[in-house]
Amino acid sequence: MTHEIAVIPGDGIGQEVTPAAVEVLEALDPEFTFTEAEAGDAVAEKTGKALPEETYELAASADATLFGAAGETAADVILPLRDAVDSFVNVRPAKAYPGVDAVRPETDLVFLRENTEGVYAGHEDRLTEDVATLTRVTTQSASRQLAEFACEYVDSDGFTIAHKANVMRETDGLFRDTVAAVAEERGVATDEVLMDAFATRVCLDPTQFDVVACPNLAGDVLSDLAAGLVGGLGLLPSANIGEQRALFEPVHGTAPDIAGEGVANPAATIISAAMLLEYLDYGEEADAVHAAVESTLAEGPRTPDLGGDASTSDVTNAIIDQL
Ligand code: GGG
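Since this is a predicted model, take the numbers as computed values, not measurements. (Residues numbered from 1 in each chain as written. Predicted model: local features only at pLDDT ≥ 70, side-chain atom pairs only at ≥ 80, totals over all residues. Heavy atoms only, no water.)

## A few points about the overall build of the protein
What counts here: Going along the chain from the N terminus, every DSSP run of H or I of four or more residues is numbered as a helix, and every run of E of two or more is numbered as a strand. Just to be clear, the radius of gyration here is over C-alpha atoms, and the globule rule we use is 2.2 Å times residues to the power 0.38. Three exposure classes are used, based on accessible area relative to the maximum for each residue type with a 1.4 Å probe and protein chains only: buried under 20%, partly exposed in between, and exposed over 50%. Areas reported as accessible are Shrake-Rupley estimates using a 1.4 Å probe. Residue values count occlusion only from the protein chains shown.
When its secondary structure is counted, the protein shows 11 helices and 12 strands. Relative to the compact-globule value of 20 Å for 323 residues, the protein shows a C-alpha radius of gyration of 19 Å, a close match. C-alpha atoms of the protein, sized along the principal axes, occupy 50 × 45 × 45 Å. By the burial criterion, 53% of the 323 residues in the protein qualify as buried. With an accessible surface of roughly 14,000 Å², the protein has 47% of that area assigned to carbon and sulfur atoms.

Take a look at the structure:
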């Protein structure tokens with residue numbers, strides 16, 4: 001069976017790391033057809049629209065999407081693309097790799113970020129020159145859907161709920177209470193932590209945590225914090241999972257400081273491609289990509305973010321050679 005993969009590089013280093021991940025997928029030769037589409041700042045400048053209708057439709061119909069990075073137009077690109085695949089959870093593993101210089105080499109975490117609502121959903125208004133507002137929506141149904149996914153994800157192990165329900169009593173309170181209740185119904189253990197305390201505790205000892213379910217913005221911020229513990233954003237992949245389809249992207253953005261230089265670390269996008277393979281039931285191929293990335297990270301070559309002087313294509317070729 002052939003799977004259609006939408007490829008949307010976006011802006012900045014998305015234009016460099018996304019083709020690298022496609023090269024890795026092509027080297028494995030699964031039955032994929034790749035269709036590329038535009039989105040982001042550059043297309044907005046040309047057409048006035050950051051996410052062309054045909055790009056949205058492609059993501060909404062493809063079996064899976066590989067996305068690169070969103071820049072200034074992120075709110076008009078990444079939020080609708082997640083909506084196109086009906087994604088309710090953003091799975092963000094953050095783990096340290098042997099041989100890579102990490103602040104906390106013992107880190108091995110997975111963030112399950114609610115992906116549709118909270119302060120991140122973009123319900124903002126500018127009322128006057130002086131006043132801007134943000135309306136936050138939290139629903140029991142979205143919290144429940146995230147919790148059901150979390151219970152299946154951890155199987156019989158437990159997970160942590162990170163929130164700020166002592167201040168945002170109604171919204172984070174509803175999130176926390178719903179997630180905890182669903183887990184209890186399913187016989188899955190949970191503990192909870194205030195998200196600010198989590199930020200400190202995870203830096204001091206990341207082994208206290210394993211799988212962490214969080215509201216939308218908290219998941220974005222805390223996973224970036226975890227990237228700092230493992231050697232940087234060049235190492236964090238993610239999967240936006242929906243009921244019928246999914247979109248895979250590195251956690252990093254466009255990195256304008258290095259865009260165009262050919263030295264972006266492709267690891268996060270290539271690991272995201274491995275998650276795509278897993279999602280489409282190419283388990284062996286996914287394992288091969290994970291192993292190739294791990295041994296390349298351990299032995300080099302390395303891009304400058306990891307202390308090396310290799311290019312994106314040096315690292316990509318080294319990974320492909322190990323497959
Ligand atoms: N590849 C992910 C990306 O473009 N990140 C930049 C960004 O603004 N991310 C926000 C988010 O993941 O919600």
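## Quick word on the site of the ligand
Keep this limit in mind: Proximity criterion: a residue is near a molecule or strand once any of its heavy atoms comes within 4 Å of it. By the criterion applied in these results, polar contacts are pairs of N or O atoms within 3.5 Å in which, for protein atoms, one can donate a hydrogen and the other can accept it, and in which residues neighboring in sequence qualify only through two side-chain atoms.
Not every one of the 14 residues close to the ligand is listed here, only the nearest: Gly68, Ala70, Arg82, Tyr120 and Pro250. The separation between an oxygen atom of the ligand and a polar side-chain atom of arginine 113 is 2.9 Å. A distance of 2.9 Å separates a nitrogen atom of the ligand from a polar backbone atom of histidine 252. Alone, the ligand offers 360 Å² of accessible surface; in the complex the protein occludes 88% of this.

## Focus on the UniProt feature "domain: Isopropylmalate dehydrogenase-like" (unreviewed entry) in the protein
Defined as follows: UniProt positions are given in the numbering used here, feature names are shortened, and annotations may be inferred rather than shown by experiment.
UniProt's feature table lists "domain: Isopropylmalate dehydrogenase-like" (unreviewed entry) at residues 4–319, given in the numbering used throughout. Helix makes up 43% of residues 4–319 and strand 21%. Its end C-alpha atoms lie 23 Å apart.

## Digging into the confidence of the model for the protein
Just so we agree on the cut-off: The predictor attaches a confidence to each residue, called pLDDT, with possible values from 0 through 100.
Summing up the model confidence of the protein, the mean pLDDT is 96 and the portion of residues at 70 or higher is 100%. For this predicted complex, the interface confidence comes out at an ipTM of 0.90, alongside a pTM of 0.96.

## Examining the pattern of salt bridges
How we decide: Any Lys or Arg side-chain nitrogen found within 4 Å of a carboxyl oxygen on Asp or Glu counts as a salt bridge.
Tallied over the entire structure, the rule returns 15 salt bridges. A salt bridge links lysine 46 to glutamate 38; the nearest nitrogen and oxygen atoms lie 2.8 Å apart. Given the relative accessible area of 60%, lysine 46 is considered exposed. The exposure class assigned to glutamate 38 is partly exposed, which follows from its relative accessible area of 43%. The closest approach of N and O atoms between aspartate 220 and arginine 113, which form a salt bridge, is 3.6 Å. One end of the pair, aspartate 220, is in helix H8 (residues 216–230); the other, arginine 113, is in strand S5 (residues 108–114), and 107 residues separate them in sequence. In this structure, aspartate 220 and arginine 113 share a single accessibility class: buried.

## Topic: the pairing of strand S11 (residues 237–242)
Rule in force here: Note: two strands are recorded as paired if DSSP finds a minimum of 2 bridges between them.
Within S11, six of the six residues are buried, leaving the element largely enclosed by the surrounding structure. Residues of S11 alternate between two faces, with Pro237, Ala239 and Ile241 on one and Ser238, Asn240 and Gly242 on the opposite face, all of them buried. Relative to S11, strand S4 (residues 87–95) runs antiparallel, the two sharing four bridges. Across the sheet, asparagine 90 pairs through a bridge with asparagine 240, a residue of S11.

## Some words on helix H10 (residues 283–299)
Operational definition: Helix span, as expected, comes to 1.5 Å for every residue beyond the first. In what follows, residue pairs with any heavy atoms lying within 4.5 Å of each other are defined as contacts.
Relative to the 24 Å expected for 17 residues at 1.5 Å per residue, H10 spans 24 Å between its end C-alpha atoms, a close match to the ideal helical length. Ala286, Val289, Ala292, Val293, Ser295, Thr296 and Leu297 are the residues of H10 that are buried. Where H10 is buried, its residues contact helix H1 (14–28), helix H9 (267–279) and helix H11 (312–322).

## With respect to the sheet that holds strand S2 (residues 32–36)
This is how the line gets drawn: Lines are fitted to the C-alpha atoms to define the axes, a helix being fitted only along its stretch in contact, and any angle between axes, read from their N-to-C directions, falls within 0 to 180 degrees.
Pairing is mixed across the open sheet formed by 10 strands, whose spatial order is S2-S1-S3-S12-S11-S4-S5-S10-S8-S9. Among the strands making up the open sheet, the edge pair consists of S2 and strand S9 (190–194). Within this sheet the neighbouring strands show an average axis-to-axis angle of 25°, counted without direction. Across seven bridges, S4 lies against S5 in antiparallel orientation.

## Thoughts on a negative patch on the surface
Short version of the rule: Patch building starts from residues that exceed 30% relative accessible area and form no salt bridge, then joins like charges within 9 Å and nonpolar side chains (Val, Leu, Ile, Met, Phe, Trp, Tyr) within 5 Å. Charged-residue counts in this description rest on Lys and Arg as positive and Asp and Glu as negative, His and the chain ends being excluded. In plain terms, the charge of a residue is placed at NZ if it is Lys, CZ if Arg, CG if Asp and CD if Glu.
On the surface, a cluster of negative charge is contributed by Asp108, Asp155, Asp157 and Asp210. Along the polypeptide, aspartate 155 turns up in the loop between helix H5 (140–154) and strand S8 (159–163). For aspartate 155, a relative accessible area of 59% translates into the label exposed.

## Brief notes about the packing of H5 against helix H6 (residues 171–185)
Just so we agree on the cut-off: If an angle is under 35 degrees, it is roughly parallel; if it is over 145, roughly antiparallel; if it lies from 65 to 115, roughly perpendicular; otherwise it is oblique. Crossings are classed by handedness, with left-handed meaning an anticlockwise turn of the near helix from the far one by less than a right angle and right-handed meaning a clockwise turn.
Two elements in contact, H5 and H6, have axes whose closest approach is 8 Å; the angle formed by their N-to-C orientations is 40°. It follows that H5 is oblique to H6 by the angle criterion. Remark: the crossing between H5 and H6 carries right-handed chirality. Only Leu174, Phe175, Thr178, Val179, Val182, Ala183 and Glu185 of H6 make contact with H5, whose side of the interface consists of Gln140, Ser143, Arg144, Leu146, Ala147, Glu148 and Cys151.

## Examining the environment of aspartate 205
Mapped onto the elements of the fold, aspartate 205 is located in the loop between helix H7 (195–204) and strand S10 (211–214). Separated by 99 residues in sequence, aspartate 205 and glutamate 106 place their C-alpha atoms 8.5 Å apart.

## Some thoughts on the pairing of S8
Which entries qualify depends on this criterion: If the strands point away from the viewer and the path from the first strand over the helix to the second runs clockwise, then the crossover is right-handed.
With five of five residues buried, S8 is to be regarded as a mostly interior element. Burial of S8 is two-sided: the residues Phe159, Ile161 and His163 facing one way and the residues Thr160 and Ala162 facing the other way are all buried. Across five bridges, S8 lies against S9 in parallel orientation. The partner of phenylalanine 159 across the bridge, within S9, is threonine 190. Handedness of the crossover joining S8 and S9 through H6 is recorded here as right-handed.

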